[in-house]
Amino acid sequence: MAVGTAAQEVGLKRGEFAIAVHLGLIRLMVPRDGGRPMVGRDEIERLRSQDGFPEALRERVRTVGTAEGARQLGISPDRFTRFARAGCLTPITFYLNRYRAIVWLYLADELTGFAAREPQLLTGRSPGWLRDRLEGGADCRAGNWRSRRVERLLSLTEDPWARVAVLADTLDPVQLAEVVDDPYERAYLARLRPGPAFGPTGPVWARETMAHLMRADEPDELLWRRVNLIMELDNAREVRSAPRPGGDRRAFPSPASEHAPAPDPRADADADARSKFQSRSRSRSGPESDLVPGVPSSVPPSPCPVPGPVHAPTGAAEPVVGLLARIGLRRRTSREANRRQSPPGRAPFGG
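Residues numbered from 1 in each chain as written. Predicted model: local features only at pLDDT ≥ 70, side-chain atom pairs only at ≥ 80, totals over all residues. Heavy atoms only, no water.

Chemist: Lay out the overall build of the protein chain with the relevant residues and their values.
Modeler: When helices and strands are tallied, the protein chain shows 17 helices and three strands. Contacts in the protein chain between residues at least 24 apart in sequence constitute 72% of all its contacts with a sequence separation of at least 6. Carbon and sulfur atoms provide 53% of the accessible area of the protein chain, an area that totals close to 20,400 Å². (Helix = DSSP H or I, 4+ residues; strand = E, 2+ residues; numbered from the N terminus. Contact = heavy atoms within 4.5 Å. Areas by Shrake-Rupley, 256 points an atom, 1.4 Å probe, with all protein chains shown as cover.)

Take a look at the structure:
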């Protein structure tokens, strides 16, 4: 049945049903042709057979705003907002009020767990680390919401290109073109971009706000997303190539292939970029590990929590230096190669 009908069958509002899907409480059936998701009747029967249905299901997806959440924790709304901005509380969803301002909502069940885990934060003076984050202008609400959504979407699919599409949604078009330089691959990712369970709803400006919030905006998170995207993209290219017009597909070696892989024209550019990066790294006074995220160094940690683990595909991991070269130098190396191949007086294609 359609998701709207399924929401009525289990006694949930559309927003509550979407949260239940996001939390994995309700499983959807997504057609292979990319049509609207459906809900199996056996899934409805499974929900109805649970203890305490439907009140227990409604309580698990119940959300509260800042004022109600503060009353639940027994603190002031200002202190509640400080906890959320510092990354102690993660929003589950949001809506836009009449002034088009973002209003974050939180799971009531998670607030109860937070009060049980951190009772010392609810009374007395705030700890020094929390004050330092807030004085530094930290606001982790959008980043935490984004990380939560990305992790959930990645857990819902095992298709390599669908996973790449989830991560590609966290970069703006310019940065995405720097990582995914093939326009046919970007078009394929646009078709695979995950959408809400009920399809595009609401005014255009509300959908634009949603798209804006999905994009990383902090330097550390941007680097993190690009690293994950590159690793997932390499894995997807090995599994199968993206569709191309006229049946012209680039041959990418399969992980189970017994034939030697075809020469990759990007290998020389990556090797050149890697050698340049290594030569510059040797000239630095500090160790090379200071340049690699996750390696202990004297650099202070980011004010917000790390977005999440690097989703490394199965198989041998790429050397870290080569990965950093691809992030920072492959685009420039590719442009230089195109400039050398272009005839005098003409800009390279796509430049």
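From this point, the discussion proceeds with the structure in view.
Chemist: If you had to explain helix H9 (residues 141-155) to someone new, which residues and values would you point to?
Modeler: In an α-helix there are 3.6 residues to a turn, and that puts residues three or four apart on one side. With 15 residues, H9 extends 21 Å from end C-alpha to end C-alpha; this agrees with the ideal 21 Å at 1.5 Å per step. For H9, the tally of buried residues reaches 12 of 15 residues, placing the bulk of the element in the interior. Those residues of H9 that fall on the buried side of the exposure criterion are Arg141, Ala142, Gly143, Asn144, Trp145, Arg146, Ser147, Arg148, Arg149, Val150, Leu153 and Leu154. (Expected span 1.5 Å × (residues − 1). Buried < 20%, exposed > 50% of the residue type's maximum accessible area, 1.4 Å probe, protein only.)

Chemist: Provide a residue-level description of the pairing of strand S2 (residues 93-96), including the pertinent values.
Modeler: The alternating pattern of S2 places Phe94 and Leu96 on a buried face, while none of Thr93 and Tyr95, on the opposite face, is buried. In terms of strand pairing, S2 meets strand S3 (residues 102-107) through four bridges, oriented antiparallel. Along S3, the bridge assignment pairs Thr93 with Leu105. Joining the antiparallel neighbours S2 and S3 is a turn of five residues, in which Arg100 adopts a positive phi near 60 degrees. (Pairing = 2+ DSSP bridges.)

Chemist: Can you break down the nonpolar core residue by residue, with the values?
Modeler: If you look at the biggest cluster of nonpolar residues, it comprises 46 residues, and the most contacted ones within it are Phe80, Phe83, Leu89 and Leu229. Take this core: its biggest share by element is six residues, from helix H10 (residues 160-168). With 19 residues, the next largest nonpolar core counts Ala6, Phe17, Ile44 and Leu107 among its residues. (Core = buried A, V, L, I, M, F, W, Y, C linked by side-chain atoms within 4.5 Å.)

Chemist: So what's going on with the pairing of S3? Which residues, and what values?
Modeler: Both strand S1 (residues 63-64) and S3 contribute to a ladder of two bridges, which runs antiparallel. Looking at the pairing, Thr63 lines up with Leu107 of S3.

Chemist: Report on the packing of helix H5 (residues 66-73) against helix H7 (residues 108-117), specifying residues and quantitative values.
Modeler: For the pair H5 and H7, interaxial distance at closest approach is 10 Å and the crossing angle is 35 degrees. Taken as a pair, H5 and H7 cross one another with a handedness that is right-handed. On H7, the residues that touch Gly69, Gln72 and Leu73 of H5 are Ala108, Leu111, Thr112, Phe114 and Ala115. (Axes fitted to C-alpha atoms, helices over the stretch in contact; angles between N-to-C directions. Left-handed = near helix turned anticlockwise from the far one by under 90°.)

Chemist: Tell me about the side chain of Arg163, residues and numbers included.
Modeler: Mapped onto the elements of the fold, Arg163 is located in helix H10. Given the relative accessible area of 17%, Arg163 is considered buried. Among the polar contacts listed, one links the side chain of Arg163 to the side chain of Glu232, at a separation of 3.2 Å. (Polar contact = N/O pair within 3.5 Å; in protein donor to acceptor, adjacent residues only side chain to side chain.)

Chemist: Summarise helix H12 (residues 183-192); cite the residues concerned and give the values.
Modeler: Taken residue by residue, H12 has Glu185, Tyr188 and Leu189 as its buried positions. Projected down its long axis, H12 carries its buried residues within an arc of 100 degrees, all on one side. Contact partners of the buried residues in H12: H10 and helix H14 (219-239). The opening residue of H12, the one whose side-chain oxygen lies 2.9 Å from the backbone nitrogen of Tyr184, is Asp182. (Arc of directions from axis to C-beta.)

Chemist: Go over the packing of H10 against H14 with me, naming the residues and quoting the values.
Modeler: Put simply, H10 and H14 touch, their axes get as near as 8 Å, and they point 155 degrees apart. The angle between H10 and H14 falls in the class roughly antiparallel. In the crossing of H10 with H14, the sense of the turn from one axis to the other is left-handed. Mapping the contact onto sequence places Pro160, Trp161, Arg163, Val164, Leu167 and Ala168 in H10 and Asn228, Leu229, Glu232, Leu233, Asn235, Ala236, Arg237 and Val239 in H14. When grouped by side-chain class, the residues that make up the contact of H10 with H14 number nine nonpolar, two polar and three charged. (Parallel < 35°, antiparallel > 145°, perpendicular 65-115°, else oblique. Nonpolar A, V, L, I, M, F, W, Y, C, P; charged D, E, K, R; others polar.)

Chemist: Let's hear about the packing of aromatic side chains: which residues, and what values?
Modeler: Tallying each qualifying case throughout the model produces six aromatic pairs. With a centroid separation of 5.2 Å and 85 degrees between ring planes, the pair formed by Phe80 and Tyr106 is classed as edge-to-face. Of this pair, Phe80 sits in helix H6 (residues 77-85) while Tyr106 sits in strand S3, placing them 26 residues apart in sequence. Here Phe80 falls in the buried class, since its relative accessible area comes to 0%. Residues Phe94 and Trp145 carry aromatic rings whose centres are separated by 5.5 Å and whose planes lie at 85 degrees to one another, so their mutual orientation is edge-to-face. With Phe94 in strand S2 and Trp145 in helix H9, the pair connects residues that are 51 residues apart, well separated along the chain. Grouping aromatic residues by their ring pairs yields a cluster made of Phe94, Trp104 and Trp145. (Phe/Tyr/Trp six-rings, centres within 6.5 Å; stacked < 30°, edge-to-face > 60°.)

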